[in-house]
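Coordinate analysis (summary)
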Amino acid sequence: MRHVTYTLTGEGLTPAVIRVGDYETPVWMQKRWTEGAYAEFIRKNGCGHCCTAMAARLHGVDIDPHGEYEYCRALWGAPEGDQGHWLSTAGIVKVLRSLNIPAEGFGVKQTGEKNAAANILAALSAGKQVIFTSNPDDYPDNPFSGGYHWVMAVALQEDGTVLIANSSVAAAPDGIQFVTPETIEKALFRESTAPQDMTWGEGNRIHEGSGYIVLE
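So, here is what we can say about the structure in this document. Bear in mind the structure is a predicted one, so any value in this text is a computation, not a measurement.

Along the chain, Asp22 turns up in the loop between strand E2 (16–20) and strand E3 (23–26). What makes Asp22 exposed here is its relative accessible area of 66%. A sequence separation of 19 residues divides Asp22 from His3, and the C-alpha atoms of the two residues are 8.7 Å apart.

Attention now moves to the packing of helix H3 (residues 65–76) against helix H4 (residues 89–98). The geometry of a pair of packed helices is captured by two quantities: the angle between their axes and the separation between those axes. Running from amino to carboxyl end, H3 crosses H4 at an angle of 95 degrees, the nearest separation of the two axes being 11 Å. One element, H3, and the other, H4, form an angle in the roughly perpendicular class. Between H3, through Glu68, Tyr71, Cys72, Leu75 and Trp76, and H4, the contact on the second element is made entirely by Gly91, Lys94, Val95 and Ser98. In terms of residue class, the contact of H3 with H4 is made up of five nonpolar, two polar and two charged.

Moving on, we get to the pattern of salt bridges. Using the criterion set out here, one finds nine salt bridges in the structure. Here Asp62 makes a salt bridge to Arg57, at a shortest N to O gap of 3.2 Å. Here Glu191 ties to Lys109 by a salt bridge, and the two come within 3.3 Å at their closest N and O atoms. Of this pair, Glu191 sits in the loop between helix H6 (181–187) and strand E10 (200–202) while Lys109 is found in the loop between strand E5 (103–106) and helix H5 (113–125), placing the two residues 82 residues apart along the sequence.

All right, on to the environment of Ala194 then. With respect to the secondary-structure elements, Ala194 resides in the loop between H6 and E10. In the structure, Ala194 is positioned 84 residues away from Gln110 in sequence and 9.6 Å away in space, judged by C-alpha atoms. Once you skip the residues sitting within four places of it in the chain, Ala194 turns out to touch Thr89, Phe106, Gly107, Glu208 and Ser210.

Turning to the sheet that holds E3, a few remarks are in order. With antiparallel pairing, three strands are arranged side by side in an open sheet as E1-E2-E3. Of all strands in the sheet, those with a lone pairing partner are strand E1 (4–8) and E3, marking the two edges. Strand after strand, the sheet turns through a mean of 20 degrees between neighbouring axes, direction not considered. In the sheet, E1 pairs with E2 via five bridges, with the strands oriented antiparallel. Residue pairing in the sheet places Thr5 in a bridge with Arg19 of E2.

A word on the packing of aromatic side chains. In total, this model carries eleven aromatic pairs according to the counting rule given. Taking the centre distance of 5.4 Å and the plane angle of 50 degrees together, the rings of Tyr69 and Trp200 count as tilted. With a gap of 131 residues between them, Tyr69 in helix H3 and Trp200 in strand E10 connect regions that are remote in the sequence. Measuring from centroid to centroid gives 6.5 Å for Tyr148 and Trp150, while their planes differ by 80 degrees, and the two rings are edge-to-face.

Attention now goes to the pairing of strand E8 (residues 162–165). The alternating pattern of E8 places Val162 and Ile164 and Leu163 and Ala165 on opposite faces, both of which are buried. Pairing analysis gives four bridges linking strand E7 (residues 149–156) to E8, with the strands arranged antiparallel. Of the residues in E8, the one forming a bridge with Ala155 is Leu163. Following E7, the chain reverses through five residues before pairing antiparallel with E8; Gly160 in that reversal takes a positive phi of roughly 90 degrees. Sheet analysis places E8 next to strand E9 (residues 176–179), joined by four bridges and oriented antiparallel. Its bridge partner lying in E9, Ile164 is registered against Gln177.

In this section: the side chain of Asn45. Take Asn45: it is sitting in helix H1 (residues 39–45). Beyond its immediate stretch of four places on either side in the chain, Asn45 contacts Gln30, His85 and Trp86.

Let's shift gears to the sheet that holds E5. Where strands meet in a sheet, backbone hydrogen bonds hold them as pairs that are either parallel or antiparallel. On the basis of which strands lie adjacent, the open sheet formed by six strands has the order E5-E11-E6-E7-E8-E9 and antiparallel pairing. At either margin of the open sheet sits one strand with a lone partner, and together these are E5 and E9. The sheet shows a mean angle of 30 degrees between the axes of neighbouring strands, direction not considered. As defined by bridge partners, strand E6 (residues 130–134) adjoins strand E11 (residues 212–215) across three bridges and the pair is classed as antiparallel. The partner of Phe132 across the bridge, within E11, is Tyr212. Packing of H4 onto the sheet brings it into contact with E5, E6, E7 and E11, and relative to E5 it is tilted by some 175 degrees.

Rules behind the numbers
- Residues numbered from 1 in each chain as written.
- Predicted model: local features only at pLDDT ≥ 70, side-chain atom pairs only at ≥ 80, totals over all residues.
- Heavy atoms only, no water.
- Helix = DSSP H or I, 4+ residues; strand = E, 2+ residues; numbered from the N terminus.
- Buried < 20%, exposed > 50% of the residue type's maximum accessible area, 1.4 Å probe, protein only.
- Axes fitted to C-alpha atoms, helices over the stretch in contact; angles between N-to-C directions.
- Parallel < 35°, antiparallel > 145°, perpendicular 65-115°, else oblique.
- Contact = heavy atoms within 4.5 Å.
- Nonpolar A, V, L, I, M, F, W, Y, C, P; charged D, E, K, R; others polar.
- Salt bridge = Lys/Arg side-chain N within 4 Å of Asp/Glu carboxyl O.
- Pairing = 2+ DSSP bridges.
- Phe/Tyr/Trp six-rings, centres within 6.5 Å; stacked < 30°, edge-to-face > 60°.

Geometric descriptors of this kind do not, in isolation, establish any biological role.
Structure representation (structure tokens):
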């Protein structure tokens, strides 16, 4: 298993740095992003872009959330119609695979949240990272965000808790959280089916497009 550490930096935009094996990434705070032509979209819809950029950094790809957002537009075009600027499960997988990072996306509805949580824990136990969405409609007390939100589970700790990298300033001002596996199970988007025809998230299909992504 790759060695995992984190350091709190005290910086506003990147309050923590996570290191996995030979690579490290800052934990970006999406609401504090101000640089670049698409900064407003990072601030409003950037949780998936932050997670995807962090995952890329932990696999040796030098990219930040704004660069990752631009990369999405280059891959499949700008959002149209009722599409949001956030990423779906399939969109995150497409980005990571295009960067030669093995990744597989899953919905929760097909297997149920208990089995999905077991899959996530098994991946973490094998030294992998997992990006997943939380939903306060299913679990109002979830600690990740007050709304639809992507976070990255980085590692399973010796005490049984899970190290989470979270871009939400309100929920995780230090960028780092420790939660129980039961918390992840309760917080997962239960209705997600992760259709492969989505890239950008769509407002009327937000529950479908969420889910979780296992990285090698």
